[in-house]
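Each chain, letter by letter, is given below.
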Amino acid sequence: NAGVTQTPKFRILKIGQSMTLQCTQDMNHNYMYWYRQDPGMGLKLIYYSVGAGITDKGEVPNGYNVSRSTTEDFPLRLELAAPSQTSVYFCASTQETGAYGYTFGSGTRLTVV
Amino acid sequence: QKEVEQDPGPLSVPEGAIVSLNCTYSNSAFQYFMWYRQYSRKGPELLMYTYSSGNKEDGRFTAQVDKSSKYISLFIRDSQPSDSATYLCAPSSGTYKYIFGTGTRLKVLA
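Scope of this entry: the structure provided in the associated data block. These numbers come from a predicted model, not from an experiment. (Residues numbered from 1 in each chain as written. Chains lettered and ligands numbered in written order. Predicted model: local features only at pLDDT ≥ 70, side-chain atom pairs only at ≥ 80, totals over all residues. Heavy atoms only, no water.)

## Structural notes on the overall build of chain B
Quick note on the threshold: Strands are runs of DSSP state E lasting at least two residues, helices are runs of H or I lasting at least four, and both sets are numbered from the N terminus onward. The globule rule used here is 2.2 Å times the number of residues to the 0.38 power, and the radius of gyration it is set against is calculated over C-alpha atoms. Each residue is assigned to one of three classes by its accessible area relative to the maximum for its type, calculated with a 1.4 Å probe on protein chains only: buried under 20%, partly exposed between the two thresholds, exposed over 50%. What makes two residues a contact is simply this: any of their non-hydrogen atoms within 4.5 Å. Shrake-Rupley sampling with a 1.4 Å probe provides the accessible areas, and residues are treated as covered by the protein chains on show and by no other component. In this charge count, Lys and Arg are treated as positive and Asp and Glu as negative; neither His nor the chain ends contribute. Here the site of a charge means atom NZ of a Lys, CZ of an Arg, CG of an Asp or CD of a Glu.
Looking only at helices and strands, chain B features zero helices and 10 strands. If you list the helices and strands of chain B from N to C, you get β-β-β-β-β-β-β-β-β-β. Scaling as 2.2 N^0.38, a compact globule of 110 residues should have a C-alpha radius of gyration of about 13 Å, and chain B matches this with 13 Å. C-alpha extents for chain B along the principal axes are approximately 40 × 25 × 20 Å. Within chain B, the proportion of its 110 residues that are buried is 42%. For chain B, restricting intrachain contacts to residue pairs at least 6 apart in sequence, the fraction spanning at least 24 positions comes to 54%. Carbon and sulfur atoms provide 47% of the accessible area of chain B, an area that totals close to 5,300 Å². Distance between charge centres in chain B, computed from 12 positive and 10 negative side chains, equals 7 Å.

Take a look at the structure:
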């Protein structure tokens, strides 16, 4: 039972490069989320999805894009990477609204140089 | 005013101590209250979940919610070095989005 799987675990990007952070869950959860975590700043919501084909912006969406073609997968795309996108990225999923908490992946540590 | 506030710590205690971790929040619509534990370089994991006001106990951990004062607490009894982590509170109004506190870093010294 894998839960939420994120790849890669680490990545160094040069300014202006693009990449996709992968997130897969095997719990048949409808709700999926992308957060970034910066030191002392807590978790900031980037994008979320309430089901396949439905996505919406969170608190800090600029510079990112997402898609949700299947229930299992929720990739996060970084276009034209900037140093401000250096962060740890977490994908999470949950079964229903409100009452069950999130299951988080182990994170992707991204450095943009 | 932030929706959820936590003292970032670090909070250092000796092994065996009782630890009190706290959050305050401003949105009176919050009714689900979660505590997550995050070890260094790992993702957060759900530790405790409480609905509305009151206490909930799970082993050495007790979660307490006082909705009248918008105050959330997590108590850890007989703290262990393995409890050293960052603890995040996350209240919710019941929608699919949680608001996370910035976390309190706890160090339990052997």
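Read on, since the account is not over.
## Notes on the nonpolar core
For the record, the criterion: Residue types Ala, Val, Leu, Ile, Met, Phe, Trp, Tyr and Cys, when buried and joined through side-chain atoms within 4.5 Å, form a set referred to as a nonpolar core.
Formed by 23 residues in total, the largest nonpolar core has its most connected members in W35, L74 and Y87 of chain B. At the level of elements, β3 (19-25), β4 (32-38), β5 (45-51), β7 (61-66), β8 (71-76), β9 (85-92) and β10 (104-109) of chain B are the ones that each hand at least two residues to this core. No other element matches the four residues that β3 of chain B contributes to this core. Among all residues touching Y87 of chain B, those that are not within four sequence positions of it are Q6, L21, W35, Y36, R37, L47, L74, I76, G103, T104 and L106 of chain B. Of all hydrophobic cores here, the second largest spans 19 residues; its members include L13, M19, W34 and Y89 of chain A.

## A look at the side chain of R36 of chain A
Residue and element names in this part refer to chain A. Quick reminder of the rule: In protein, a polar contact means a hydrogen-donor-capable atom and an acceptor-capable atom, both N or O and within 3.5 Å, with residues adjacent in sequence counting only if both atoms are side-chain atoms; elsewhere, any N or O pair within 3.5 Å suffices.
The residue R36 is located in strand β4 (residues 31-38) in this model. We classify R36 as buried; its relative accessible area is 10%. At 2.9 Å, the side chain of R36 and the side chain of Y64 are in polar contact. Leaving out residues up to four positions away in the same chain, R36 has contacts with G42, L43, K44, I46, V60, Y64, S84, Q85, T86, S87, V88 and Y89.

## Regarding the sheet that holds strand β1 (residues 4-6) of chain B
Residue and element names in this part refer to chain B. Threshold: By definition, two strands form a pair when at least two bridges between them are found by DSSP. In this description, a line fitted to the C-alpha atoms serves as the axis of each element, helices being fitted only across the stretch in contact, and the angle between N-to-C directions of two axes falls anywhere from 0 to 180 degrees.
An order of β1-β3-β8-β7-β6 is seen for the five strands of this open sheet, with the pairing classed as antiparallel. The open sheet has two edge strands with one neighbour each: β1 and β6 (54-58). On average, each strand axis in the sheet is tilted by 15 degrees relative to the strand beside it, whichever way the strands run. Bridge count for β3 against β8 is six bridges, and the pairing is antiparallel. Residue N22 lies in a different strand from β8, and its bridge partner there is S73.

## Points about the interface of chain A and chain B
Much of the literature gives interface size as the accessible area that the parts lose upon coming together. The criterion, for reference: A quick way to say it: buried area is the sum, across both parts, of accessible area lost when two parts are put together, with a 1.4 Å probe. Salt bridge, as used here, is a side-chain nitrogen of Lys or Arg placed within 4 Å of a carboxyl oxygen of Asp or Glu. For this classification, Asp, Glu, Lys and Arg are treated as charged, while Ala, Val, Leu, Ile, Met, Phe, Trp, Tyr, Cys and Pro are nonpolar and the rest, including Gly, are polar.
Of the residues lining the interface, 23 residues belong to chain A; the matching set on chain B comes to 20 residues. Note on chain A versus chain B: buried area summed over both sides is about 1,700 Å², and carbon and sulfur give 59% of it. Connecting chain A to chain B are zero salt bridges. At the surface where chain A touches chain B, the tally comes to four residue pairs in polar contact (both at pLDDT 80 or more). Partitioning the side of chain A that touches chain B into residue classes produces 14 nonpolar, eight polar and one charged.

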